[in-house]
Amino acid sequence: MMMNVQITSILTENKELFLNLYNLYLYDLSEFTGEELLEEGKYDPTNTYLYLERAELHPFFIQYEGKVIGFVLVCSPPYVDDDVDYTVQELFLVKKYRGQGLAAQAVDLVFAQFQGRFKVEQLANNQSAVSFWKKYYEQHHIEYVESEYSIEIENVAGSHRILSQTFVYARTD
């Protein structure tokens, strides 16, 4: 069942709303990254503002019934590996709206705007993100190549295992 999901480009005038949502996203991720709060009670949004300044970065709000409920951030060269055209860098929905198929609809809308080789990454210990993407690929008959590696996250102790899927997305309409 299709619900009333839309994506809209995040513009500079939406910066405060975007950064507030991004802080909630980092809060959710802290369960997996161990990131600490800054003194003022927020997480460090290092370089997030670049999404509002660079043409090669494509930030979208996810809206449902006219309300902003999350975001999806897409990168293109030079912000992606040489072997891909795009990455879905971040995907976030406010908890109240999860598990209803809204994120998958938002991803459908994003993919309708871009075609080519994609890479999607998740923290390996973030089981809900990993299972979301695996289910999405299965439902959309997307064949992917998966790899795993470790990264260091700026200002966060330790290294973190990343699962990465690469696939070609071509519209079939």
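Residues numbered from 1 in each chain as written. Predicted model: local features only at pLDDT ≥ 70, side-chain atom pairs only at ≥ 80, totals over all residues. Heavy atoms only, no water.

1. Considerations on the overall build of the chain
Item 1. Along the backbone of the chain there are 3 helices and 7 strands.
Item 2. Along its sequence from the N terminus, the chain presents helices and strands in the succession β-α-β-β-β-α-β-α-β-β.
Item 3. Against the 2.2 N^0.38 benchmark of 16 Å for 173 residues, the chain shows a C-alpha radius of gyration of 16 Å, consistent with a compact globule.
Item 4. Along the three orthogonal principal directions, the C-alpha set of the chain runs to about 50 × 40 × 30 Å.
Item 5. Burial statistics for the chain: of 173 residues in total, 44% are counted as buried.
Item 6. Excluding contacts between residues fewer than 6 apart, the proportion of contacts in the chain whose partners are at least 24 apart in sequence is 60%.
Item 7. As presented, the chain carries roughly 9900 Å² of accessible surface, and 48% of it is formed by carbon and sulfur atoms. (Helix = DSSP H or I, 4+ residues; strand = E, 2+ residues; numbered from the N terminus. Rg over C-alpha atoms; globule rule 2.2 N^0.38 Å. Buried < 20%, exposed > 50% of the residue type's maximum accessible area, 1.4 Å probe, protein only. Contact = heavy atoms within 4.5 Å. Areas by Shrake-Rupley, 256 points an atom, 1.4 Å probe, with all protein chains shown as cover.)

2. Structural notes on the sheet that holds strand E5 (residues 116-123)
Strand-to-strand pairing in sheets goes through backbone hydrogen bonds, with the strands running parallel or antiparallel.
Item 1. Across the sheet, which stays open at both edges, the 7 strands sit in the order E1-E2-E3-E4-E5-E7-E6 with mixed pairing between neighbours. Since the sheet does not close on itself, it has two edges, and those belong to strand E1 (5-9) and strand E6 (145-152), each with one partner. Shown here is a sheet whose adjacent strand axes are inclined to one another by a mean of 30°, direction ignored.
Item 2. Here 8 bridges tie strand E2 (residues 57-64) to strand E3 (residues 67-75), and the two strands are oriented antiparallel to one another. Opposite Phe60, over in E3, you have Val72 as the bridge partner.
Item 3. Against the sheet, helix H1 (residues 15-33) makes contact with E2, E3, strand E4 (86-93), E5 and strand E7 (159-169), and its axis sits at roughly 75° relative to E3, the strand it touches most. (Pairing = 2+ DSSP bridges. Axes fitted to C-alpha atoms, helices over the stretch in contact; angles between N-to-C directions.)

3. A word on the nonpolar core
Item 1. If you look at the biggest cluster of nonpolar residues, it comprises 28 residues, and the most contacted ones within it are Ile62, Val110, Phe111, Phe118, Trp133, Tyr136 and Phe167.
Item 2. Ranked by the residues each element gives to this core, the list is headed by helix H2 (residues 102-111), at 7 residues.
Item 3. Residues in contact with Tyr136, not counting those within four places in the same chain, are Ala104, Val107, Asp108, Phe111 and Ile142. (Core = buried A, V, L, I, M, F, W, Y, C linked by side-chain atoms within 4.5 Å.)

4. Some points on the packing of H2 against helix H3 (residues 127-139)
Item 1. Where H2 contacts H3, the two axes come as close as 11 Å, and the packing angle between them is 60°. Classified by the interaxial angle, the pair formed by H2 and H3 is oblique. Where H2 crosses over H3, the handedness of that crossing is right-handed. Judged by residue contacts, Ala103, Ala104, Val107, Asp108 and Phe111 of H2 engage Phe132, Trp133 and Tyr136 from H3. (Parallel < 35°, antiparallel > 145°, perpendicular 65-115°, else oblique. Left-handed = near helix turned anticlockwise from the far one by under 90°.)

5. Describing the pattern of salt bridges
Item 1. This model, assessed by the stated rule, comprises 5 salt bridges.
Item 2. We note a salt bridge from Lys95 to Asp28, for which the minimum N-O separation is 4.0 Å. On the criterion of sequence distance, the pair formed by Lys95 in the loop between E4 and H2 and Asp28 in helix H1 is long-range, its members being 67 residues apart.
Item 3. Note on Asp28: relative accessible area 15%, which makes it buried.
Item 4. For Arg98, the salt bridge identified is with Asp28, shortest N-O distance 2.3 Å. Remark: Asp28 occurs in helix H1 and Arg98 occurs in the loop between E4 and H2; sequence separation between them is 70 residues.
Item 5. When salt bridges that share partners are traced, they join Asp28, Lys95 and Arg98 into one network. (Salt bridge = Lys/Arg side-chain N within 4 Å of Asp/Glu carboxyl O.)

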